[in-house]
Amino acid sequence: MTGPIKIEMTTEVADALAAGRPVVALESTIITHGMPWPGNRDMALEVEGVIRSEGAVPATIAVIDGRLHAGLDEATITKLAQSTNVMKLSRADFAFALTEGRTGATTVAATMMAAHLAGISVFATGGIGGVHQGAETSFDISADLEELSRTPVIVVSAGAKAILDIPKTLEALETRGVPVVAFGQDAMPAFWSRDSGLKAPLRLDDAASIARFEATRRALGGHGGMLIANPVPVEDEIAASEMKRHIAAALKTANGKGIEGKAVTPFLLGEILTLTGGASLKTNISLVLNNARLAAKIAKALGSELAAGSI
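Being a predicted model, the structure only gives us computed values, none of them experimental.

This paragraph deals with the pairing of strand 3 (residues 57-64). Among the 8 residues in strand 3, 8 count as buried, and that is most of the element. Both faces of strand 3 are covered, namely the face carrying V57, A59, I61 and V63 and the face carrying P58, T60, A62 and I64. Pairing geometry for strand 2 (residues 23-26) and strand 3, over 4 bridges, is parallel. Directly across from V24, in strand 3, lies its bridge partner P58. Relative to strand 4 (residues 67-70), strand 3 runs antiparallel, the two being bridged by 4 bridges. Bridging from a neighbouring strand, I61 pairs with A70 of strand 4.

Let's shift gears to the pattern of salt bridges. A full pass over the atoms with the stated rule returns 13 salt bridges. Here R52 makes a salt bridge to E48, at a shortest N to O gap of 3.5 Å. Of this pair, R52 and E48 both sit in helix 3 (residues 39-53), 4 residues apart, which is roughly one turn of that helix. Classification of E48 by relative accessible area gives buried; the value is 3%.

This part takes up the pairing of strand 2. In the case of a regular strand, side chains alternate between the two sheet surfaces. On strand 2, burial covers both faces: V23 and A25 on one face and V24 and L26 on the other are all buried. Across 3 bridges, the pairing between strand 2 and strand 7 (residues 122-124) is parallel. When the sheet's bridge partners are listed, A25 is paired in strand 7 with F123.

Parameters at a glance
Residues numbered from 1 in each chain as written. Predicted model: local features only at pLDDT ≥ 70, side-chain atom pairs only at ≥ 80, totals over all residues. Heavy atoms only, no water. Buried < 20%, exposed > 50% of the residue type's maximum accessible area, 1.4 Å probe, protein only. Helix = DSSP H or I, 4+ residues; strand = E, 2+ residues; numbered from the N terminus. Pairing = 2+ DSSP bridges. Salt bridge = Lys/Arg side-chain N within 4 Å of Asp/Glu carboxyl O.

Listed below in structure tokens is the structure:
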């Protein structure tokens, strides 16, 4: 493959980008590696519906048979949700899947790359990757952190995944110059829980403020991404103290089985699903929908801010 990467877009996405209407990128790993069938398909379609209801257009990102897609129709989402042997793509193997004609679901890092190529500035996900517990010996650190430092896309998540070492993840983001903004609270959320016990570096309370912040960063130049840490709704959270016990048990099982690398996160999520009696999945779906709703509002506000040219 030579020359610019061709991105296959749905008519809905292509028309929105051409007209300057708000578009929100969505990852596909949550479909293929995050939830079981058919809940993964139903969740993906519901997330897209939430974004549309807020006046933006969803663009689920995936590589299918070596072709990069920004926006998937319902039939393609359904097929992807039932697929097996789908690659889990990050920066290191994104180009490999394209050149070798493979099908791959995009992680946070690869989705950011694709969104930027497509001209999409806002991306909604569940939780970012980061510094894994025990990284001081395993050196297991997600490529998501490097991507946030280099690619100018706003990532809306429920913080870093709670299975990670969140203090070290925040330190790594600070070192890389990535703004971490808690939405509507001072505490840094921890995926299933609203409060990780840590104070977030920054706080903003509405989409318009986030848009102004991003416009100012663009005016300064040379910026990478921004992480918006959006707490899960109160009614669906699982207390951090409870999750701490489940995560410790899941990590012990993973270590005992020699699980490592890209297999760690999906294995831990599966173990935690069992340990919580399915409650973690309900919370996961809630936070993804919540993030999609906020991302759509940010995309709309950013479009208005940039059109106004106030910075």
